[in-house]
Amino acid sequence: MKLPTSPFTVTDWSKVEPTTHAGETGEAKWRTLNIGDLRVRMVEYSPGYLADHWCDRGHVLYVLAGELDSELRDGRKFKLTAGMSYQVSDFGDAAHRSSTASGATLFIVD
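What counts, and at which threshold
- Residues numbered from 1 in each chain as written.
- Predicted model: local features only at pLDDT ≥ 70, side-chain atom pairs only at ≥ 80, totals over all residues.
- Heavy atoms only, no water.
- Phe/Tyr/Trp six-rings, centres within 6.5 Å; stacked < 30°, edge-to-face > 60°.
- Helix = DSSP H or I, 4+ residues; strand = E, 2+ residues; numbered from the N terminus.
- Buried < 20%, exposed > 50% of the residue type's maximum accessible area, 1.4 Å probe, protein only.
- Lys NZ or Arg CZ within 6 Å of the ring centre and 35° of its normal.

An unreviewed UniProt entry annotates the protein chain as DHCW motif cupin fold protein of Bradyrhizobium xenonodulans.

Draft legend 1. Layout of the packing of aromatic side chains. Following the criterion strictly, the structure yields two aromatic pairs and no others. Ring geometry for Trp13 and Phe107: centres 6.0 Å apart, planes at 85°, overall edge-to-face. Separated by 94 residues along the polypeptide, Trp13 in the segment before strand E1 (19–22) and Phe107 in strand E9 (residues 104–109) bring together distant segments of the chain. Look at Trp13 and you get buried, because its relative accessible area is 16%. A relative accessible area of 27% places Phe107 in the partly exposed class. Centroid distance Tyr45 to Tyr49: 4.1 Å. Interplanar angle 10°. Geometry classified as stacked. For the residue pair Tyr45 and Tyr49, the accessibility class agrees, reading buried in each case. In this structure, Arg41 packs its charged tip against the face of Trp30, placed 4.3 Å from the ring centre.

Draft legend 2. Representation of the side chain of His96. The residue His96 is located in strand E8 (residues 96–100) in this model. Assessed through its relative accessible area of 7%, His96 is described here as buried.

Below is the structure:
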């Protein structure tokens, strides 16, 4: 990931209008800041959320609250709790998808 040229920017996430994205089950609310090809997001997964797709996009993902289950298409599974992160490049490993039983709040840069 290369950060595009941009000015110093402060973001009050509470003022960024959320968009709702349905999962296979549950939903995700994204508050998104786009800077060129860079996407910075505050994401809230509802309890029972399961992503509706496998993802090959690279991310830096940090769990702010709750628990996140990350599953890789090759069968590996990881449980992340508040204070944990994962990092993966575009097509850097097996495709991944997220789920949560109890809900989670994430900060994601991709």
